[in-house]
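Commentary on secondary and tertiary structure
Now for the letters of each chain:
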Amino acid sequence: MTSTWTEPGNTATALLLLGRGTDPASERGVDCPGDLPAPSDPDLVARATAAKAALGDRVFVLGHHYQRDEVIQFADVTGDSFKLAREAAARPGAEFIVFCGVHFMAESADILTGPSQQVILPDLAAGCSMADMAVLGQVETAWEQFTDLGIAGDIVPVTYMNSSADIKGFVGRNNGVVCTSSNAKRALDWAFERGPSDHPTTALDRTEGSPKVFFLPDQHLGRNTAVLDMGFELDDCVLYDPHKPDGGLTAEQLRDAKMILWRGHCSVHGRFTIDSVREVRERVPGVRVLVHPECKHEVVRAADEVGSTEYIIRALDAAPAGSAWAVGTELNLVRRMALAHPDKHITFLDRTVCYCSTMNRIDLPHLVWALEELVAGRVPNQITVDPETTKYARVALDKMLALP
């Protein structure tokens, strides 16, 4: 069967799709800064193939699901951020780990791999806007505020995998845990059941207040998990804005809250709106709406299914032929799934979704350069996390790995 996928045409909407405009309905800071360069020429494909073959088992290439197809074709393993970091750790014989993803992912790989392995990020500009929204100094200031209020002893910090090594280290130092989008509920269950009482220092500081979670850096994943998966009320969640005095919250709000959410979000998933859901339901009869939990709360509530990137892939793989799906996640992945399943109608959820611009910094020219540098005996763009941060970040990651 011929694929039902249609590339956006040269229309006003398509121009907005590719970043030549802004959408005033989007969350602040959520926009499409530019379109992708033209596909790489065949010579680069041949050069990447030759360089990878020359390195043999010395190199292990990881490709995140949101990467371009031209890069994914050279990945030894594809997956989400945590799966890829674990895959790297499971290859102790690989001297070089080339991580086609973004900076925080390469940091996690460095934390989890052995001292003899070197992690390379083909383009150091491949960051993550969400991870950048939680800066260690701001987080430490918030924690000092919680301490002054006498509630720090009741709080367990939980950070999403999509955070810097510094933030993972902070969480590890304060007896917290890392989570992914697929195990966020398990991490929160652990936090509320065990609490900071496991830590001898915070146990001394505990008050009679209720246990709380300080969730970093994605407010939407924290809120959606707490309300939709754990039965909390929206009023149980407060939003801490590091750009406002005292986070924009009163002492009473902080004491009463169960979830203190950091004001952060994904610049791609934040684009999807409730209007997107309504429009696609009117346009596509019988469509099922499938979204990532990084989407806004009202969007997740209106969807038929919600799950991690891996969940989205499994759901589309298992969907019956002829079914229609509107998917709220990154552009590269949705297009790849649509082309892989021509017997299903798979489309974007929103009229103005865009590529993850930082993820797409990793292109074939950068990958070729990194591989050829390794062949020449030079290690480019090595990502290293200092030993102290690694120690505590590993504590938080190990707590996640031990979750039931």
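Definitions and limits used
Residue positions within a chain follow its written sequence, with the count starting from 1. Whole-chain, interface and lining totals are the exception, using all residues; otherwise, since this is a predicted model, local features are given only for residues with pLDDT of at least 70 and side-chain atom pairs are given and counted only at 80 or more. Calculated side-chain values reflect all of the structure's heavy atoms, with hydrogen atoms and water omitted. Here, any two strands with at least 2 DSSP bridges between them count as paired. Numbering of helices and strands starts at the N terminus; helices are DSSP runs of H or I of at least 4 residues and strands are runs of E of at least 2. Every axis corresponds to a line fitted to the C-alpha atoms, with the helix fit spanning only the stretch in contact, and the corresponding angles, defined between N-to-C directions, vary from 0 to 180 degrees. Contacts: residue pairs with any heavy atoms within 4.5 Å of one another. Here, nonpolar core means buried Ala, Val, Leu, Ile, Met, Phe, Trp, Tyr and Cys residues that are tied together by side-chain atoms lying within 4.5 Å of each other. A simple rule labels every residue: compare its accessible area, found with a 1.4 Å probe on the protein chains alone, to the largest value its type can have, and call it buried under 20%, exposed over 50%, or partly exposed in between. The aromatic pairing rule takes the rings of Phe, Tyr and Trp, using the six-membered ring of Trp, and pairs them if the centres are within 6.5 Å, calling planes under 30 degrees apart stacked, those over 60 edge-to-face and the rest tilted. We define a salt bridge as a side-chain nitrogen of Lys or Arg found within 4 Å of a carboxyl oxygen belonging to Asp or Glu. An expected span of 1.5 Å times one less than the residue number is assigned to each helix. When we speak of the arc, we mean the arc of directions from the helix axis to the C-beta atoms. Every residue carries a pLDDT, the predictor's confidence in it, which falls somewhere between 0 and 100. Here the word oblique covers every angle except those under 35 degrees (roughly parallel), over 145 (roughly antiparallel) and from 65 to 115 (roughly perpendicular). Residues are grouped as follows: nonpolar covers Ala, Val, Leu, Ile, Met, Phe, Trp, Tyr, Cys and Pro; charged covers Asp, Glu, Lys and Arg; every other residue, Gly included, is treated as polar. A clockwise course of the path from the first strand over the helix to the second, judged with the strands pointing away from the viewer, identifies a crossover as right-handed.

1. Quick notes on the sheet that holds strand E7 (residues 212-216)
Read across the open sheet, the five strands follow the order E6-E5-E7-E9-E8; overall the sheet is parallel. Unpaired on one side and paired on the other, strand E6 (177-179) and strand E8 (237-240) mark the two borders of the sheet. Each adjacent strand pair in this sheet contributes to an overall mean axis angle of 25°, direction not counted. Sheet analysis places E7 next to strand E9 (residues 259-262), joined by three bridges and oriented parallel. Bridge assignment links phenylalanine 215 to a residue of E9, and that residue is leucine 261. Against the sheet, helix H11 (residues 219-229) makes contact with strand E5 (155-160), E7, E8 and E9, and its axis sits at roughly 155° relative to E9, the strand it touches most.

2. Some points on the nonpolar core
As a rule of thumb, nonpolar side chains are buried together in soluble globular proteins. Judged by nonpolar contacts, the single largest core of 113 residues is most densely connected at Val98, Phe146, Val158, Phe214, Phe215, Met259 and Ile260. Ignoring sequence-local partners within four residues, the contact set of phenylalanine 215 consists of Val158, Cys179, Leu188, Leu221, Gly222, Met259, Ile260, Leu261 and Trp262. Judged by nonpolar contacts, the second largest core, of 14 residues, contains Val284, Val287, Val299 and Ala326.

3. So, unusual backbone geometry
Cis geometry marks the peptide bond from leucine 216 to proline 217; its omega dihedral reads -25°. With respect to the helices and strands, proline 217 occurs in the loop between E7 and H11. The phi dihedral of asparagine 175 is positive, around 65°, even though this residue is not glycine. Considering the arrangement of structural elements, one finds asparagine 175 in the loop between helix H8 (165-173) and E6. With a phi angle near 50°, asparagine 381 is a residue other than glycine that sits in the positive phi range.

4. Focus on the packing of aromatic side chains
Evaluated as defined, the whole model comprises eight aromatic pairs. Plain terms: the ring middles of phenylalanine 146 and tyrosine 240 are 5.9 Å apart, the flat faces sit at 80° to each other, and that makes the pair edge-to-face. With phenylalanine 146 in helix H7 (residues 136-149) and tyrosine 240 in strand E8, the pair connects residues that are 94 residues apart, well separated along the chain. For the pair phenylalanine 146 and tyrosine 240, one class covers both residues: buried. Pairing phenylalanine 214 with tryptophan 262 gives two aromatic rings, centres 6.0 Å apart and planes at 65°, and the pair type is edge-to-face.

5. Observations concerning the pattern of salt bridges
One pass over the structure, following the stated rule, counts 15 salt bridges. When the shortest N-O distance is used, the salt bridge between lysine 52 and aspartate 76 registers 2.8 Å. Placement of the pair is lysine 52 in helix H2 (residues 42-55) and aspartate 76 in the loop between helix H3 (69-72) and strand E2 (77-79), with a sequence separation of 24 residues. The class for aspartate 76 is partly exposed, based on a relative accessible area of 36%. With its nearest N and O atoms 3.8 Å apart, the salt bridge here joins aspartate 241 to arginine 263. Here aspartate 241, found in the loop between E8 and helix H12 (251-256), pairs with arginine 263, found in the loop between E9 and helix H13 (274-283); they are 22 residues apart in sequence, far enough to count as distant.

6. Examining H2
Since there are 3.6 residues in each turn of an α-helix, residues three or four apart along the chain are aligned in direction. Between its first and last C-alpha, H2 extends 20 Å over 14 residues, near the 20 Å set by a 1.5 Å rise per residue. Along H2, the residues that are buried comprise Leu44, Ala48, Ala51, Lys52 and Leu55. The buried residues of H2 all sit within an arc of 95° when viewed along its axis, so they share a single face. Looking at H2, the residues exposed on the side facing more than 90 degrees away from the buried face are Pro42, Asp43, Ala53 and Ala54. The secondary structure elements touched by the buried residues of H2 are strand E1 (59-64) and helix H17 (364-375). Glycine 56 sits one or two positions beyond H2 and adopts a positive phi of about 60°.

7. As for the environment of alanine 191
Mapped onto the fold, alanine 191 is located in helix H9 (residues 184-194). Sequence-wise, alanine 191 and valine 213 are 22 residues apart; in three dimensions their C-alpha atoms are separated by 7.0 Å. With sequence-adjacent residues up to four places away left out, alanine 191 is seen in contact with Val156, Val158 and Val213.

8. Structural notes on the confidence of the model for the protein
Residues shown with low pLDDT carry predicted positions that ought not to be read at fine detail. The predicted model of the protein averages 86 in pLDDT, with 85% of residues at 70 or higher. Low pLDDT, under 50, characterises residues 8-37; the stretch is placed with 53 contacts to residues that sit more than four places away or in other chains. Segment residues 199-207 is flagged for pLDDT under 50; beyond a separation of four residues in sequence, or across chains, it makes 15 contacts in the model.

9. Focus on the packing of H9 against H11
When two helices pack together, their arrangement is given by the angle between the helix axes and the distance between those axes. Packing of H9 against H11 brings their axes to within 10 Å, and their N-to-C directions diverge by 75°. With respect to H11, the element H9 is oriented roughly perpendicular. In this structure, H9 uses Ala184, Lys185 and Leu188 to contact H11, whose residues at the interface are Leu221, Thr225, Ala226 and Asp229. By residue class, the composition of the contact of H9 with H11 is four nonpolar, one polar and two charged.

10. Observations regarding the side chain of threonine 180
Residue position: threonine 180 is located in the loop between E6 and H9. Beyond its immediate chain neighbours, meaning those up to four positions away, threonine 180 contacts Phe82, Tyr160, Met161, Leu221 and Met400.

11. Here's the deal with the pairing of E9
Residue alternation in E9 divides its side chains into two sets, Met259 and Leu261 and Ile260 and Trp262, and both sets are buried. Here E8 runs beside E9; their pairing, made up of four bridges, is parallel. Residue pairing in the sheet places tyrosine 240 in a bridge with tryptophan 262 of E9. Of the crossover connections in this fold, the one passing from E8 over H12 to the parallel E9 is right-handed.

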